[in-house]
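Residue-level structural notes
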Amino acid sequence: MNLKSLFFVGLLFVNASAAPVKVYVFAGQSNMGGLGFTQSLTAEQKQPNPLILAHQCWGKDENGAPTTQDNGQVTDPDQIDPLTGIWEAYQVGKKGQFHNNNGCYGPEFTSLPLLQKEANETIYIVKYAMGNTNLARDWNSRDGGDGKPGIYYARLIAKVDAAMKQLQKQYGVEGYVAGTFWMQGEADKFVSYDKFKQFGVTSNDAFAKAYEQNLRNLIADLRTTFNQPNMPFVLGETSDKVTDDPNYKSFSPLVRDSQHKVAQDTPNVAIAQATDLPKIQDGIHISGAGQQTLGQRFAECYLSIVKKTSDPEAK
């Protein structure tokens with residue numbers, strides 16, 4: 001069964017009286033995962049939010065037993081058991097609520113309350129982020145190097161599918177992807193010579209040069225797979241840091257220019273400025289304060305797209 005078919009399996013038994021609910025997808029690499037530390041937050045900020053539900057996609061271990069949290073053991077679509085996941089109140093930094101979440105938060109922390117306020121109803125989030133993953137292979141929606149979609153793209157689709165099935169089981173409602181938020185690019189602009197050799201590309205700028213087309217493909221294929229041809233897509237700028245490490249070559253301007261070009265000429269796509277955000281010591285990863293600002297910008301970009309699509313005079 002292909003990914004598109006898999007995505008809609010289980011959507012037959014819908015509560016016909018309930019309107020479809022909005023599901024937001026957050027994906028990318030480490031700056032989407034986030035290094036915002038919850039220690040600096042107030043007790044009130046740390047409380048679960050019952051108006052924002054997050055999908056904790058449990059997986060199976062090597063013996064087929066549920067892992068009880070999305071702790072990284074969900075490594076392939078075949079390992080995901082849609083009947084053992086759960087929708088639960090979003091709680092900032094809750095360990096295990098999102099894949100690769102070690103008690104930190106990303107831009108969703110400030111995006112979600114703004115999106116929920118605008119929607120004036122309960123909203124839902126699926127988040128999948130993994131550091132040091134590239135769009136050239138790992139997230140490639142068409143060819144991850146073996147003629148099939150990249151493994152992280154496949155995992156994302158499987159996770160969203162599992163979340164949609166769980167909506168049916170847990171609440172008897174149908175969900176639809178109301179928007180996707182994307183924060184990724186460092187792994188395509190900082191290319192180590194070892195990785196360059198590993199993937200057999202013909203030049204060490206190959207990932208960066210391919211970024212524009214790969215991003216266009218990603219947006220188009222997500223819209224097709226989610227059956228949302230006009231789905232808003234918001235992406236964040238990659239950092240502008242260059243590197244002095246002799247084992248790496250940096251192509252920051254090429255990747256970032258590609259992001260801006262795609263956002264400029266693709267309908268219902270917006271880019272959130274991020275190069276001005278405060279970083280931690282490595283100069284690449286956005287700090288907690290920066291993540292909160294990025295999340296606000298994500299929501300603002302999304303709402304600007306929605307306004308344009310709903311108000312012809314705003315275009």
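So, here is what we can say about the structure in this document. This one's a predicted model, so the numbers in the text were calculated from it and none came from an experiment. Sequence positions are assigned chain by chain, starting from 1 and proceeding in written order. For a predicted model such as this one, the threshold for reporting local features is a pLDDT of at least 70, and the threshold for listing and counting side-chain atom pairs is 80 or more; totals across whole chains, interfaces and linings nevertheless cover every residue. The basis for every side-chain value is the complete set of heavy atoms in the structure, and neither hydrogens nor water enter the calculation.

**Details of the side chain of His285**
Strands are runs of DSSP state E lasting at least two residues, helices are runs of H or I lasting at least four, and both sets are numbered from the N terminus onward. Within the secondary structure layout, His285 lies in the loop between β11 (269-272) and α9 (288-310). Two N or O atoms form a polar contact when they lie within 3.5 Å of each other; inside protein one atom must be a possible hydrogen donor and the other a possible acceptor, and for residues adjacent in sequence the pair counts only when both atoms belong to side chains. Looking at His285, its side chain comes within polar contact range of the side chain of Asp282, at 2.5 Å. The contact criterion used is simple: two residues touch if any of their non-hydrogen atoms lie within 4.5 Å. If sequence neighbours within four positions are ignored, His285 has contacts with Ser30, Asn31, Leu35, Lys279 and Ile280.

**Examining the side chain of Glu108**
Looking at the element boundaries, Glu108 is found in helix α3 (residues 108-119). Side-chain polar atoms of Glu108 contact the side chain of Tyr90, separated by 3.4 Å. For Glu108, the residues in contact, after removing those within four places along its chain, are Phe26, Met32, Tyr90, Phe98, Pro113, Ile125 and Lys127.

**Points about the packing of aromatic side chains**
Centres within 6.5 Å make a pair out of two Phe, Tyr or Trp rings, where for Trp the six-membered ring is used; the pair is then stacked when the planes are under 30 degrees apart, edge-to-face when over 60, and tilted otherwise. Under the counting rule described, the total for this entry stands at twelve aromatic pairs. With a centroid separation of 4.8 Å and an interplanar angle of 50 degrees, the aromatic rings of Tyr105 and Phe109 are classed as tilted. Among the aromatic side chains, those forming a connected cluster through ring pairs are Tyr24, Phe26, Phe181, Phe298 and Tyr302. Charge over a ring is defined by NZ of Lys or CZ of Arg lying within 6 Å of the ring centre and within 35 degrees of the ring normal. One Lys or Arg, Arg155, reaches over the ring of Tyr152 and ends 4.5 Å from the middle of that ring.

**Here's the deal with the sheet that holds strand β1 (residues 21-28)**
One requirement defines pairing of two strands: DSSP has to find at least two bridges between them. Spatial ordering of the open sheet is given by β4-β3-β6-β1-β7-β9-β11, a layout of seven strands whose pairing is mixed. Looking at which strands have only one partner, the edges of the open sheet turn out to be β4 (86-90) and β11. Mean inter-strand twist for the sheet, computed between neighbouring axes without regard to direction, equals 25 degrees. Taken together, the four bridges between strand β9 (residues 233-236) and β11 define a ladder with parallel strand orientation. Residue pairing in the sheet places Gly236 in a bridge with Ala272 of β11. Its contacts with the sheet put helix α7 (residues 206-225) on β7 (175-183), β9 and β11, and the angle it makes with β9 is roughly 145 degrees. Strand contacts of α9: β1, β7, β9 and β11, with the helix running at about 160 degrees to β11, the strand carrying the most contacts. In this description, a line fitted to the C-alpha atoms serves as the axis of each element, helices being fitted only across the stretch in contact, and the angle between N-to-C directions of two axes falls anywhere from 0 to 180 degrees.

**Thoughts on α7**
The terminal C-alpha atoms of α7, which comprises 20 residues, lie 27 Å apart, in line with the 28 Å expected from a rise of 1.5 Å per residue. The seven residues ending at a residue and the seven starting there each receive a fitted axis; the angle between those axes is the bend at that residue. At Glu212, α7 shows its maximal kink, close to 45 degrees. Positioned one or two residues after α7, Asn227 has a phi angle of 55 degrees, which is positive. Helices are assigned an expected span. That span is 1.5 Å times one less than the residue count.

**A look at the nonpolar core**
By size, the foremost hydrophobic cluster in this structure holds 39 residues, and its most contacted members are Trp182, Leu215, Leu222 and Phe233. Broken down by secondary-structure element, the contributors of at least two residues to this core are β1, β6 (123-129), α4 (151-171), β7, α7, β9, α8 (252-265) and β11. Per element, the largest residue contribution to this core is eight residues, and it comes from α4. If sequence neighbours within four positions are ignored, Leu222 has contacts with Tyr153, Leu156, Ile157, Thr180, Met231 and Phe233. Residues Ala54, Val92, Leu112 and Leu294 belong to the second largest nonpolar core, which totals 32 residues. Only buried residues count toward a nonpolar core, which is a set of Ala, Val, Leu, Ile, Met, Phe, Trp, Tyr and Cys residues joined through side-chain atoms within 4.5 Å. The rule is simple: take the accessible area with a 1.4 Å probe, protein chains only, and divide by the maximum for that residue type; under 20% is buried, over 50% is exposed, in between is partly exposed.

**Concerning unusual backbone geometry**
Here the phi dihedral of Asn227 falls at roughly 55 degrees; this positive angle occurs in a residue that is not glycine. Along the chain, Asn227 turns up in the loop between α7 and β9. Despite not being glycine, Asn268 has its phi angle at roughly 60 degrees, a positive value. The topology assignment puts Asn268 in the loop between α8 and β11.

**Digging into the environment of Pro149**
Checked against the element boundaries, Pro149 lands in the loop between β6 and α4. Along the chain, Pro149 and Arg137 lie twelve residues apart, while their C-alpha atoms are 8.2 Å from each other.

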